[in-house]
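# Analysis of the macromolecular model
Each chain, written out:
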Amino acid sequence: TGGEDVITLGNSADLAPCVCMMDELEKHQEAWPFLFPVDCRRFPTYKKIIKKPMDFQTMRHKLRDNKYQSREEFANDLRLVCNNCETFNEDESAVGHAGHTIREFFEKRWRELCINS
Ligand SMILES: Cn1cc(C(=O)NCCN2CCCC2)ccc1=O
């Protein structure tokens, strides 16, 4: 009768920290290289080198369309953005430096959002 057959899956946790983080990422001063998919007309080698492109607009759409099963899936897409950036850009380049800055911002703020939720 009802409750006894309901299991709670930790992974389908509340995605509120993701929405809050998405807002902060899109506003970040160093977000400019990541707001939209890399333009493969301007960077023709990108699709060949980067097997799984990811960007903030795509992440926002996945959140909107309930494509994330867990907070960790969301976090892993952000880490994919930064890993792709390190693969394609020199650390000292403007884009490369932005990628490191966004990763450092994310990991610190993500801990705060998830521990206090
Ligand atoms: C993630 N990433 C981004 C770029 C990039 O230059 N993005 C365009 C940024 N522009 C700013 C105003 C219009 C577009 C290059 C390599 C790369 O890995």
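Residues numbered from 1 in each chain as written. Predicted model: local features only at pLDDT ≥ 70, side-chain atom pairs only at ≥ 80, totals over all residues. Heavy atoms only, no water.

### Comments concerning the overall build of the chain
Looking only at helices and strands, one finds 5 helices and 0 strands in the chain. When the helices and strands of the chain are read in sequence order from the N terminus, they spell out α-α-α-α-α. C-alpha extents for the chain along the principal axes are approximately 60 × 30 × 20 Å. Counting over 117 residues, the chain shows a buried share of 32%. Pairs at least 24 residues apart make up 67% of the contacts formed inside the chain by residues separated by at least 6 positions. For the chain, the computed accessible surface area is about 7,700 Å², with 54% contributed by carbon and sulfur atoms. (Helix = DSSP H or I, 4+ residues; strand = E, 2+ residues; numbered from the N terminus. Buried < 20%, exposed > 50% of the residue type's maximum accessible area, 1.4 Å probe, protein only. Contact = heavy atoms within 4.5 Å. Areas by Shrake-Rupley, 256 points an atom, 1.4 Å probe, with all protein chains shown as cover.)

### Comments concerning the pattern of salt bridges
Following the criterion strictly, the structure yields 11 salt bridges and no others. Residue E24 is joined to R109 by a salt bridge in which the shortest nitrogen-to-oxygen separation is 2.9 Å. Linking E24 in helix α1 (residues 16-27) with R109 in helix α5 (residues 94-115), this pair joins segments that are 85 residues apart in sequence. In this structure E24 comes out as partly exposed when scored by relative accessible area, which is 24%. Between E72 and R79 there is a salt bridge whose closest N-O contact spans 3.4 Å. Judged by its relative accessible area of 40%, E72 is partly exposed. Salt bridges sharing partners connect three or more residues here, namely E24, K108, R109 and E112. (Salt bridge = Lys/Arg side-chain N within 4 Å of Asp/Glu carboxyl O.)

### Re the packing of α1 against helix α3 (residues 56-64)
Axis separation between α1 and α3 bottoms out at 11 Å; the angle between their running directions is 155°. One way to sum up the angle between α1 and α3 is to call them roughly antiparallel. Between α1 and α3 the crossing geometry is left-handed. Residues C18, V19, M22, D23, L25 and E26 of α1 lie in contact with α3, whose contacting residues are F56, M59, R60 and L63. (Axes fitted to C-alpha atoms, helices over the stretch in contact; angles between N-to-C directions. Parallel < 35°, antiparallel > 145°, perpendicular 65-115°, else oblique. Left-handed = near helix turned anticlockwise from the far one by under 90°.)

### Structural notes on unusual backbone geometry
Residues other than glycine seldom take positive phi values, yet N66 does so here, at roughly 55°. The residue N66 is located in the loop between α3 and α4 (71-88) in this model.

### A closer look at the site of the ligand
Near the ligand, the surroundings consist of W32, P33, F34, V38, R42, F43, Y46, F88, N89 and V95. Protein contact buries 65% of the 450 Å² of open area that the ligand shows by itself. Here the residues of the shell around the ligand sort into 8 nonpolar, 1 polar and 1 charged. (Near = heavy atom within 4 Å. Nonpolar A, V, L, I, M, F, W, Y, C, P; charged D, E, K, R; others polar.)

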